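Structural overview
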Amino acid sequence: EAQVTQNPRYLITVTGKKLTVTCSQNMNHEYMSWYRQDPGLGLRQIYYSMNVEVTDKGDVPEGYKVSRKEKRNFPLILESPSPNQTSLYFCASSLWATGQNTEAFFGQGTRLTVV
Amino acid sequence: AQKITQTQPGMFVQEKEAVTLDCTYDTSDQSYGLFWYKQPSSGEMIFLIYQGSYDEQNATEGRYSLNFQKARKSANLVISASQLGDSAMYFCAMEAGNNDMRFGAGTRLTVKP
């Protein structure tokens, strides 16, 4: 089954304690991205990657890191989480193409609370 | 810069009636794609419909259709014969340039019995 898998689904942590949210896709997609969803703001892109070892900042990259060492995995790293990073996070993957239906497949979401 | 605007934070519709959710976009790219996603209360993101910038006909998928007006830069979602299960958040999104996908703020649709 084609899917994007995020872990964990829920996480409560304390300010300053490093954490990683994993994301894995089994569709051989080139493009992967991370979003955070906050009420009234929709989904805002944090980082994206067009292929292995190629990553770039989205709209709200501050406080986050990513890596793309393998095509299927795109972990999101919070080196020193702060309460303003409390949010619902989504990982997504899609084919890298233009002029075509590059439907994004989303993970189930990770609800992060930083206290 | 690309921008997606959804001006309706919330909408109500009577069951079995049609509803239109508004979406306008801004991009300087000639080639782009427009998407609608549904997010039920369970939280997952469900792809509904896609419209390419060069598609001459409006996209349709079952009860969903996309009213694409390129000159006005609008891509409204029309849901016909609303059902109670259509109650959800709906997001308009645009992919342009380097495959970067941007989302609007969303519209919360409530279907009343």
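See the structure shown above.
Now for a look at the structure at hand. As a convention, each chain's residues are numbered from 1 in the sequence order in which they are written. Chains carry letters and ligands carry numbers; both start at the beginning, A for chains and 1 for ligands, and go up in the order they are written. Per-residue local features of the predicted model are confined to residues with pLDDT of at least 70, and side-chain atom pairs are confined, for both listing and counting, to 80 or more; whole-chain, interface and lining totals are unaffected and use all residues. The side-chain values count all of the structure's non-hydrogen atoms but skip hydrogen atoms and water molecules.

**Describing the overall build of chain A**
Per the convention used, a helix needs a DSSP run of H or I reaching at least four residues, while a strand needs a run of E reaching at least two, with both numbered from the N terminus. In terms of regular secondary structure, chain A is built from zero helices and eleven strands. Written out in order from the N terminus, the α and β elements of chain A read β-β-β-β-β-β-β-β-β-β-β. Using C-alpha atoms as the atom set, the radius of gyration is obtained and then compared with a globule rule of 2.2 Å times the number of residues to the power 0.38. Against the 2.2 N^0.38 benchmark of 13 Å for 115 residues, chain A shows a C-alpha radius of gyration of 13 Å, consistent with a compact globule. The contact rule is simple, with two residues in contact once any of their heavy atoms fall within 4.5 Å. Looking at chain A alone, contacts between residues at least 24 apart form 53% of all its contacts between residues at least 6 apart. With residues, only the protein chains shown are counted as cover, and all accessible areas are computed by Shrake-Rupley using a 1.4 Å probe. Of the roughly 5600 Å² that chain A leaves accessible, carbon and sulfur atoms contribute 50%. In this charge count, Lys and Arg are treated as positive and Asp and Glu as negative; neither His nor the chain ends contribute. Lysine's charge is taken at NZ, arginine's at CZ, aspartate's at CG and glutamate's at CD. The distance from the centre of the 12 positive side-chain charges to the centre of the 10 negative ones in chain A is 7 Å.

**Regarding the pattern of salt bridges**
Every case where a carboxyl oxygen of Asp or Glu lies within 4 Å of a side-chain nitrogen of Lys or Arg is listed as a salt bridge. In the structure shown here, the tally under the stated rule is seven salt bridges over all chains. A single salt-bridge network, built from bridges that share partners, covers Lys18, Lys65 and Glu79 of chain A.

**Re the state of the cysteines**
In this description, the term disulfide denotes a pair of cysteine sulfurs within 2.5 Å. All chains considered together, the criterion is met by two disulfides over all chains. In this model Cys23 of chain A forms its disulfide with Cys91 of chain A; the gap between the sulfur atoms is 1.8 Å. Handedness of the Cys23 of chain A-Cys91 of chain A disulfide follows from its S-S torsion of about -70 degrees: it is left-handed. Remark: Cys91 of chain A occurs in strand β9 (residues 87–94) and Cys23 of chain A occurs in strand β3 (residues 19–25); sequence separation between them is 68 residues. A single burial state applies to Cys23 of chain A and to Cys91 of chain A, both of which are buried. Paired through a disulfide, Cys23 of chain B and Cys92 of chain B show a sulfur-sulfur distance of 2.0 Å. Across the disulfide from Cys23 of chain B to Cys92 of chain B, rotation about the S-S bond amounts to roughly -65 degrees, and the bridge is consequently left-handed. In this pair, Cys23 of chain B is assigned in the loop between β3 (19–21) and β4 (24–26) and Cys92 of chain B in strand β10 (residues 88–96), connecting sequence segments 69 residues apart. A relative accessible area of 0% means that Cys92 of chain B is categorised as buried. Only protein chains enter the accessibility calculation, which uses a 1.4 Å probe. A residue is then buried if its area is under 20% of the maximum for its type, exposed if over 50%, and partly exposed in between.

**Some details on the environment of Leu48 of chain B**
Residues and elements named next belong to chain B. The topology assignment puts Leu48 in strand β6 (residues 46–52). C-alpha separation for the pair Leu48 and Lys38, spaced ten residues apart in sequence, amounts to 6.7 Å. Each residue touching Leu48, except ones within four places of it in the same chain, is listed here: Trp36, Tyr37, Lys38, Glu61, Tyr64, Leu77 and Tyr90.

**So, the nonpolar core**
Looking at soluble globular proteins, one finds that nonpolar side chains tend to be buried together. Nonpolar core, defined: a set of buried Ala, Val, Leu, Ile, Met, Phe, Trp, Tyr and Cys residues in which side-chain atoms within 4.5 Å join the residues together. One finds Tyr25, Trp36, Ile49, Leu77, Tyr90 and Leu109 of chain B to be the most contacted residues of the largest nonpolar core, which totals 25 residues. If you list the elements that add at least two residues to this core, you get β3, β5 (32–39), β6, β8 (64–69), β9 (74–79), β10 and β12 (107–112) of chain B. Top element by residues in this core is β10 of chain B. It accounts for five residues. Setting aside its immediate chain neighbours within four residues, Tyr25 of chain B contacts Lys3, Ile4, Tyr32, Leu34, Phe68, Lys70, Lys73, Ser74, Ala75 and Met94 of chain B. Among the nonpolar cores identified, the runner-up in size contains 19 residues, and Met27, Leu76, Leu78 and Leu112 of chain A belong to it.

**Re the side chain of Asp86 of chain B**
Residue and element names in this part refer to chain B. Examined against the element boundaries, Asp86 turns out to sit in the loop between β9 and β10. Pairing of N or O atoms within 3.5 Å defines a polar contact, subject to two protein rules: one partner must be a possible hydrogen donor and the other a possible acceptor, and residues neighboring in sequence count only if both atoms are side-chain atoms. Reaching out from Asp86, the side chain makes a polar contact with the backbone nitrogen of Gln83 at a distance of 2.8 Å. If near-sequence neighbours (up to four positions away) are discounted, Asp86 is found in contact with Lys38, Arg63, Tyr64, Ile79, Ala81, Leu109 and Val111.

**Overview of the interface of chain A and chain B**
In this assembly, 26 residues from chain A lie in contact with 20 residues from chain B. Defined here as a combined quantity, buried area equals the accessible surface (1.4 Å probe) lost by two parts on assembly, summed across both. Summed over both partners, the interface of chain A with chain B buries about 1900 Å², with 48% contributed by carbon and sulfur atoms. When the buried surface of chain A facing chain B is broken down by residue, Leu43, Asn101 and Phe106 of chain A rank first, second and third, together holding 22% of it. The interface formed by chain A and chain B contains one salt bridge. Summed over the shared surface of chain A and chain B, the result is four residue pairs in polar contact (both at pLDDT 80 or more). Every element with two or more residues in the side of chain A that touches chain B is listed here: β4 (31–38), β5 (42–51) and β9 of chain A. No other element matches β5 of chain A, which puts five residues into the side of chain A that touches chain B.

In short, shape yes, function no, at least from these values alone.
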